[in-house]
Amino acid sequence: MAIWKLIKAQFKHKKAVYISLFLLTLLISFILTFAFSMSKNISEAAEEAYQAGKYGDVCFFYIMDTPSEEELEKLAEREEVRDLRKIPVVFPLATNAGIISDYKIATPWFQAYNPDIFNARLLRDDMKSYVPKEDASAPSDGEVYVANLFHFMTGAEIGDSFHITSTNFNKEYRISGFVEDLRQVNAVNMGGNSVFLSANDYEDLAMLAQEFPAEFCESFFLSVDKAPEFSDLSDDDFVNVISRGTDIKDMARIILTGEQVIYFSSIMSQIIAMIIIFVALLMFIANLLILNFNINSSLEAEYKNIGVLKACGLQKGHIQRVYLLSFLLTIGLGFGLGLLIASPVVVVSTPLLLGIFNLLVSGQTAWLLSSGAGLVILVIALLMMLVQLRKVTKIKPREALNEGQQSVYFSQGIDLQLKKPFLHARLSVKQFTASLHQYLSAVLLIAVLFFLVLYTYSLTNILESERMVQEFYGLDFDIAVRYEDTDSETKEKTEAVIEEYTPILSREYMEYADIEVNKNSLGLFIADNTKVLSSLLEGKKPEFDNEIILTKLFAQMHNIQIGDMVEVYSKGKTEDYLVSGFFQSLNRAGMMALMKDSAFRRLDVEDDQSNEILYKIEDPSYGEEIAEKLFQEVPELYVISSEGIQKSMTGVDAIFAGISWLMLGIALLFVIINGIMVSVKIFYREAADFGIFKAIGIRNSANRLIFSCRFLFVAFAGILIGYVLQLVLAPQLNNLLAPMVGVSTFVVKIEWFIIIIFALLFLIAFFLIAWAVSGRIKRLEIRNLVNAI
Amino acid sequence: MSKAILDCKDLSKSYAHEGIQNHVLKHIDLEIRQGEFTVIMGPSGSGKSTLLYCISGMESCSGGSVYLHGDDITKFNENRLSDIRLQNFGFVFQQIHLVSNLSLLENIVIPGLSRKSGSNKEVYAKADSLLQTFLLEEAKNRLPSQVSGGEQQRAAIARALINQPDIIFADEPTGALNQNNSTIVLDLFTRLNQEGQTIVMVTHDRRAALRGGRIIYLLDGRIHGELTLAPYDEDMLKSRETQVNAWLESLSW
């Protein structure tokens, strides 16, 4: 009973401390619950969409080269294969083939809507649920279903027109529905934008492809399901097993396993959730520091009271329980309420996720996961408090009663003579240095907060489209052109078009192939000149015919070191290669290798591979304009510009930036709450000194300056340590995020002026907070101040 | 009769706590003259410390006026009050209240350096002279926690004197000291007063009160009696003690 009375007294007399701690925990709980729920809901939605969509355990996507019917028949007969579905698709080869309003779809693909072979789930008009499969019929002739992505990208609505336009074909369709398709553009550009037609309209388009092969090409998706008895086989192994000795895999432009479909569909949410969890984790560390700081200052401030309580017969266990229970109750309530508040926010924000992740996500709260996290937080806080509260044992009633409040200062601090000018600044320095150890937790707290802000800021540019292309794509080029034959007149014509805009600086031949390295599937860049590689991380570029470089991510996954020999398989032949270095590339989620053209020939592959040229041009800003012009002038070409790739990634870029800025905002709010808590605590700890200064005639403004200046020093020390933390820890944290998008090394880039701006913001914020808090000097009577209130 | 430095008229002070008004000082009129050593006595809770804090500009009053050289300081804003505390008044606390991380010398020079006038050199010279007078030269670079209570209180008095104030206010200056140190501090006050320093001291210690030339007895927030004594003379201590005791007994203390 006495303990509850003491706890009540704690809450009553230290309202500010408990309210702040409560708010901070609530904030952490809220963002954790939100992150966990979002991550769980999207993963589940992706899994459900995959199961419903009939993507198959693996799907192969062919563009120009397609396996023969004979090969497909053989494939269908294999014991590992349960089912095989061929889904015909038409691709436009010319530009402007798909237009919604003014929006040109870069690489659309057209297929007949047939839920029996590929179930792109049709969304109801309100975009909140799906039309049941049995009620979902194909669009009528003259109508199309488009991927829900377009609704968000272009603002397209049902009833809007959709054009297919080429030199010899121009037809307008009416958009009559939006469908979910996990193959559509997402976190990683998987190369397609789905448009579904009626069977008749598709037939017309397929005929057109035969009539005008330079403008349209008919190809297919191949969905293959594993036989149940081979369910243990990984999707990758399944691909290798079924394609060995055939062209099934080698001809495919894109191969997607079921795992990859789910992975790519939910990767954005996983990365965002990871970012939020990192931020919450840092906040939690800061919260632990503030808790530690609070317990310490409470023990100091209540030194005498604890002595009195002990003298009255209360045991140390009773006193410890008062602190433990009051802090734990606060944290527990904060966490519980954060969880409860997050729940409706998850529900409300769920519809917005469709626009971001192209999935219909349920608004379930991850109660179990979030409560588990809350429990872990409580246990860690409890352990830390138990360590801190051991100090209660050391308080001797007699000493406490004689000394009153525990003496604050133990040394004179820095040897700095008090004199004019800057007397008050000097006084501030002396007091700060005299009780430096007391500020240690405040310095550490600011260090964590500064690191939190810097790291959160660094996330805003981590997946910038510009960086993705320049640093993570792996290849340095401005325009890439895929020719039928690089010795043809087309090449001359193409280069003439490019040079109308800007001189060509260099041209590098490049091709892609699918290989296996130590029996693991991998994409391969085959470069004539390795100068084109822009993201070598370790080792050296391959120079000789027996050398290969691998992405660091792949090497780490398979424990391959530089200098190791690896077995490379392609089209029936195996050769050994020496790993000369590691690089990184976003392509194929980071599962890539690179070797010289002459090295690839060792695998006896016919010399028909190098039909792509990567150009560097003098003025890269013409990149997209040139690509557009080439589409018009030489429609049979496949042209991409790095600027175009960059633009296609701006959606991802914007989402990341948005989330990161939001996190930065939360982090800054967190900094302000913490700043207020710390300065209030320190103010009361040193109130007596301000009373003395006030009594001897030092003006309130000077007194407040003495107090506030100290926070400049505290903040400065914290900023320095925070910056060191950023240098040391940020790469480690980023290396946890990087593999999720196929990159092994995110170099944290923060410009100096940004660091200086944040440092100044911190200094100003802490100074102003301290200045505001020290306003109490004005309001409180000297007698109260000197007697430490 | 010397001229009045401080003149309180109808001074009142009340606190409100949970809606209940507590009247600590009730309509007090008091005049402090140049060179006087005024002692304020009274039982606990009589309002003597509150009176000292109010007339020294440390605390606001609820009513009435306090004139310093003819100016009503109750009308002053906080900055002007700070200037008065810095230039016109010196304050000595019962609990001493030296800044614990500053040496005795640094504690003493702060008010001096805080004034706009006077160079650093002049302030340190004045502090050295005070340290010499108060026999603190050897301890001047020590922290308050490294010297005795008596030395601490002497340093606090030196701090109060550094700006040559018109009045020194002392709130039970011997309250936290042993007898020996109390005597040293009281001797110091006596000497300062004999040199012309105006002192207003709150005490409940009869022995300390004997040092005053005028004793004001406060009871329940009002001045209940006043006794004027002859200048302090160590040889006449016995008769002075008898006179004060008789007066206090007449007031039922």
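Residues numbered from 1 in each chain as written. Chains lettered and ligands numbered in written order. Predicted model: local features only at pLDDT ≥ 70, side-chain atom pairs only at ≥ 80, totals over all residues.

A short note on the interface of chain A and chain B
Step number 1: Between chain A and chain B, the contact holds 28 residues from the first and 27 residues from the second.
Step number 2: Among the secondary structure elements, those contributing two or more residues to the side of chain A that touches chain B are α13 (423-434), α22 (687-695) and α26 (782-786) of chain A.
Step number 3: Across the side of chain A that touches chain B, the residue classes tally to twelve nonpolar, eight polar and eight charged. (Contact = placed C-beta atoms within 7 Å. Helix = DSSP H or I, 4+ residues; strand = E, 2+ residues; numbered from the N terminus. Nonpolar A, V, L, I, M, F, W, Y, C, P; charged D, E, K, R; others polar.)

Focus: the sheet that holds strand β8 (residues 198-202) of chain B
Residue and element names in this part refer to chain B.
Step number 1: Read across the open sheet, the six strands follow the order β6-β7-β8-β3-β9-β10; overall the sheet is mixed. Unpaired on one side and paired on the other, β6 (89-92) and β10 (222-228) mark the two borders of the sheet. Sheet twist, expressed as the average angle between the axes of neighbouring strands with direction ignored, equals 15 degrees.
Step number 2: Two strands pair when backbone bridges link them, and strand β7 (residues 167-171) and β8 are joined in this way by five bridges, in the parallel orientation. In the strand pairing of β8, Ala170 is matched with Met201.
Step number 3: Contacts between helix α5 (residues 149-161) and the sheet are confined to β6 and β7, with β6 contributing the most and set at about 170 degrees to the helix. (Pairing = 2+ DSSP bridges. Axes fitted to C-alpha atoms, helices over the stretch in contact; angles between N-to-C directions.)

Brief notes about the packing of helix α3 (residues 104-114) of chain B against α5 of chain B
All names here are of chain B.
Step number 1: Viewed as axis vectors pointing N to C, α3 and α5 meet at an angle of 20 degrees, and their least axial separation amounts to 7 Å. Considered as vectors, α3 and α5 are oriented roughly parallel to each other. In the crossing of α3 with α5, the sense of the turn from one axis to the other is right-handed. Together, Leu104, Asn107, Ile108 and Pro111 of α3 and Ala155, Ala158 and Arg159 of α5 make up the contact between the two elements.
Step number 2: Residue classes in the contact of α3 with α5 are distributed as five nonpolar, one polar and one charged. (Parallel < 35°, antiparallel > 145°, perpendicular 65-115°, else oblique. Left-handed = near helix turned anticlockwise from the far one by under 90°.)

Description of the environment of Glu69 of chain A
Residue and element names in this part refer to chain A.
Step number 1: When you line up the elements, Glu69 lands in helix α3 (residues 69-77).
Step number 2: On the basis of neighbour counts, which here come to 9 C-beta atoms within 10 Å, the residue Glu69 falls in the exposed class.
Step number 3: Put simply, Glu69 and Ala480 are 411 residues apart on the chain and 32 Å apart in space, counted from C-alpha to C-alpha. (Buried ≥ 20, exposed ≤ 12 C-beta atoms within 10 Å, placed from the backbone.)

Details of the confidence of the model for chain A
Residue and element names in this part refer to chain A.
Step number 1: The pLDDT averaged across chain A works out to 81; a share of 90% of its residues lies at or above 70.
Step number 2: Here residues 185-191 is modelled with pLDDT under 50, and outside its nearest four sequence neighbours on either side it reaches 22 contacts, counting other chains as well.
Step number 3: Counting contacts from residues 405-410, a segment whose pLDDT is below 50, to residues more than four positions away or on other chains yields 17 contacts. (pLDDT = per-residue confidence, 0-100.)

Re helix α19 (residues 623-633) of chain A
Step number 1: All of the buried residues along α19 of chain A are Gly623, Ile626, Ala627 and Leu630 of chain A. For α19 of chain A, the angular spread of buried residues about the axis comes to 100 degrees, placing them on one side. (Arc of directions from axis to C-beta.)

Here we look at the nonpolar core
Proteins that are soluble and globular tend to have nonpolar side chains buried together.
Residues and elements named next belong to chain A.
Step number 1: Ranked by size, the top nonpolar core spans 254 residues in total, and within it Ile31, Val279, Leu445 and Leu452 carry the most contacts.
Step number 2: Top contributing element to this core by residue count: helix α7 (residues 258-301), with 23 residues.
Step number 3: Setting aside residues no more than four positions away along its own chain, Leu445 makes contact with Ala286, Leu289, Ile290, Phe293, Asn674 and Val678.
Step number 4: Counting residues in each nonpolar core, the second largest holds 54 residues, with Ile548, Phe583, Ile626 and Ile640 among its members. (Core = buried A, V, L, I, M, F, W, Y, C linked by C-beta atoms within 7 Å.)

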